[in-house]
Amino acid sequence: EAGVAQSPRYKIIEKRQSVAFWCNPISGHATLYWYQQILGQGPKLLIQFQNNGVVDDSQLPKDRFSAERLKGVDSTLKIQPAKLEDSAVYLCASSFNDRGNPLLYNEQFFGPGTRLTVL
Amino acid sequence: GIQVEQSPPDLILQEGANSTLRCNFSDSVNNLQWFHQNPWGQLINLFYIPSGTKQNGRLSATTVATERYSLLYISSSQTTDSGVYFCAFLNTPLVFGKGTRLSVIA
């Protein structure tokens, strides 16, 4: 079974530029998560999708970050414009969630992440 | 929301030693997962353990939801066990601990 795929693996941009990350979850997983992990810290949830609907985006900086999962499968996370403090690893994860309640999460599987450096 | 506290923050072990990592929660939990982040940054599932005890080779985990903690045991540690161990509370809001950084020395 293929794992969670992410691209690109690395990205270096100048501040005020825009950037997009892509994630393809494990086949059949209804729930998809985007996390931001700053060096030395644990992952912080940015947004959670259940199929193509948003379950939780309370920690997403909506003035510059956006995410979509239009067909309920793969997803993109965009930053526009980027700031220096956005330098981090952006992790995508997915879970099956067979309980039917998006507020109760099943086991999560993570992709390799995208390391973003903003200069 | 729920606070997640991991201890110790750092741990250095000689190869072959045993260790116990702890995760405390500010409220009772019923949805918890342990991860290992290797030196290359990959987050690897160790246990999805809402309650009870699970074992996988040299690793085992126990969650006592009513007592608000979970433990991860590593026996006969190897250098490949080095990295950061995270526990995560998987309800709303979803929260990760700050991790325990483990270094196993040959």
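Our structure is the block above this text.
Our subject in this report is the structure included herewith. (Residues numbered from 1 in each chain as written. Chains lettered and ligands numbered in written order. Predicted model: local features only at pLDDT ≥ 70, side-chain atom pairs only at ≥ 80, totals over all residues. Heavy atoms only, no water.)

**Thoughts on the layout of surface pockets**
Piece 1. Here the largest pocket defines a volume of roughly 560 Å³.
Piece 2. Taken together, 31 residues line the largest pocket, and the ones lying closest to its centre are A:Gln37, A:Leu39, A:Gly40, A:Arg115 and B:Gln37.
Piece 3. Mapped onto the lining of the largest pocket, the elements with two or more residues apiece are strand E9 (88-95) and strand E11 (114-118) of chain A together with strand E9 (83-89) and strand E11 (100-105) of chain B.
Piece 4. Counting residues per element, the lining of the largest pocket draws most heavily on E11(A), which supplies four residues.
Piece 5. Of the residues assigned to the lining of the largest pocket, the class counts are 12 nonpolar, 14 polar and five charged.
Piece 6. For the second largest pocket, the calculated volume is near 420 Å³.
Piece 7. Lining the second largest pocket are 20 residues; nearest its centre among them are A:Gly42, B:Val95, B:Phe96, B:Gly97 and B:Lys98.
Piece 8. Mapped by element, the contributors of at least two residues to the lining of the second largest pocket are strand E4 (31-37) and strand E5 (44-50) of chain A together with strand E1 (4-7) and strand E10 (95-96) of chain B.
Piece 9. Considering every element that reaches the lining of the second largest pocket, the biggest residue donor is E1(B), with three residues.
Piece 10. Its residues assigned to classes, the lining of the second largest pocket shows eight nonpolar, nine polar and three charged. (1 Å grid on protein atoms, 1.4 Å probe; cavity = no way out; pocket = protein on both sides within 12 Å on 5 of 7 lines; lining within 4 Å. Points joined across faces, edges and corners; volume = space filled by probe spheres on them. Helix = DSSP H or I, 4+ residues; strand = E, 2+ residues; numbered from the N terminus. Nonpolar A, V, L, I, M, F, W, Y, C, P; charged D, E, K, R; others polar.)

**Looking at the state of the cysteines**
Cysteine pairs can be linked by a disulfide, which is a covalent bond between their two sulfur atoms.
Piece 1. Scanning all chains against the criterion turns up two disulfides over all chains.
Piece 2. The disulfide partner of A:Cys23 is A:Cys92, and the S-S distance across this bridge is 1.9 Å. Across the S-S bond linking A:Cys23 and A:Cys92, the dihedral sits near -70 degrees, which makes this disulfide left-handed. You can see A:Cys23 sitting in strand E3 (residues 19-24) and its partner A:Cys92 sitting in strand E9, a full 69 residues away along the chain.
Piece 3. With its sulfur 1.8 Å from that of its partner, B:Cys23 forms a disulfide with B:Cys87. Measuring the twist about the S-S bond at about 70 degrees, one finds the B:Cys23-B:Cys87 disulfide to be right-handed. Here B:Cys23, found in strand E3 (residues 19-25), pairs with B:Cys87, found in strand E9; they are 64 residues apart in sequence, far enough to count as distant. (Disulfide = S-S within 2.5 Å.)

**Re the interface of chain B and chain A**
Piece 1. With 15 residues of chain B at the interface, the matching set in chain A holds 19 residues.
Piece 2. Surface buried jointly by chain B and chain A totals about 1600 Å² across both partners, of which 49% is contributed by carbon and sulfur atoms.
Piece 3. There are six residue pairs in polar contact (both at pLDDT 80 or more) connecting chain B and chain A.
Piece 4. Of all the secondary-structure elements, those providing two or more residues to the side of chain B that touches chain A are strand E4 (32-37) and strand E5 (43-48) of chain B. (Contact = heavy atoms within 4.5 Å. Buried area = accessible area lost by both parts, 1.4 Å probe. Polar contact = N/O pair within 3.5 Å; in protein donor to acceptor, adjacent residues only side chain to side chain.)

**Observations regarding the sheet that holds strand E7 (residues 59-64) of chain B**
All names here are of chain B.
Piece 1. With antiparallel pairing, five strands are arranged side by side in an open sheet as E1-E3-E8-E7-E6. The strands lining the two open edges of the sheet, one partner per strand, are E1 and strand E6 (52-56). The mean inter-strand angle of the sheet, taken between neighbouring strand axes irrespective of direction, is 15 degrees.
Piece 2. The sheet contact formed by E6 and E7 spans five bridges and is antiparallel. Paired with Thr53 across the strands is Thr62, a residue of E7. (Pairing = 2+ DSSP bridges. Axes fitted to C-alpha atoms, helices over the stretch in contact; angles between N-to-C directions.)

**Structural notes on the sheet that holds E3(A)**
All names here are of chain A.
Piece 1. Strand order in this open sheet of four strands is E1-E3-E8-E7, and the pairing throughout is antiparallel. Strands with a single pairing partner mark the edges of an open sheet, and in this sheet they are strand E1 (5-7) and strand E7 (65-68). Each strand of the sheet is rotated relative to its neighbour by a mean of 15 degrees, with strand direction disregarded.
Piece 2. In this structure, E3 lies alongside strand E8 (residues 75-79), joined through five bridges in antiparallel fashion. Considered in E8, the bridge of Val19 is made with Ile79.

In short, the description is geometric, and any link to function would need to be established separately.
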